[in-house]
Amino acid sequence: DELRGRTKDHTVIQLEVKGAAPDIISTLKSIPGVLSVHKKSSAEKGVSCLSVETAKDQDIRSLLNHTLLKKGFDLLGMAREAASMEDVFAALTRS
């Protein structure tokens, strides 16, 4: 886990939010600490699946939740993505 933590300079948070992706993306990009937002495919109609990149040393999950709820969006899921063993190996062999 310590090696995984040293491999990325950002954290990726996966979100599932009920609502239109463009509006949600605009809201997320306005949150301090959000580096980028990427739309992913969703199997559920009316649900936007998004990947949010934040600075590694910032945990803004509660801020993401609060902001989305304040703007009227329903947050259906949130998960922090860990670095894969492939990421760890690539980072170690680059040095």
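Residues numbered from 1 in each chain as written. Predicted model: local features only at pLDDT ≥ 70, side-chain atom pairs only at ≥ 80, totals over all residues. Heavy atoms only, no water.

Give a description of the nonpolar core that names residues and reports values.
For soluble globular proteins, the rule of thumb is that nonpolar side chains tend to be buried together. The biggest cluster of nonpolar side chains holds 16 residues, and the ones touching the most others in it are Leu-15, Ile-24, Leu-28, Val-34, Val-37, Leu-64 and Leu-68. If you list the elements that add at least two residues to this core, you get strand E1 (10–18), helix H2 (21–29), strand E2 (34–40), strand E3 (47–55) and helix H3 (61–70). With residues up to four places along the chain from it excluded, the contact list for Leu-64 reads Ile-13, Leu-28, Ile-31, Val-34 and Met-78. (Core = buried A, V, L, I, M, F, W, Y, C linked by side-chain atoms within 4.5 Å. Buried < 20%, exposed > 50% of the residue type's maximum accessible area, 1.4 Å probe, protein only. Helix = DSSP H or I, 4+ residues; strand = E, 2+ residues; numbered from the N terminus. Contact = heavy atoms within 4.5 Å.)

Describe the pairing of E3, and please don't skip the residues or the numbers.
As a general feature of sheets, a regular strand has side chains that alternate between the two faces. In terms of burial, E3 is largely enclosed, as eight of its nine residues are buried. Looking at chain direction, E1 and E3 are connected through nine bridges and run antiparallel. Counted as the bridge partner of Glu-16 is Cys-49 from E3. Across six bridges, the pairing between E2 and E3 is antiparallel. In the strand pairing of E3, His-38 is matched with Ser-51. (Pairing = 2+ DSSP bridges.)

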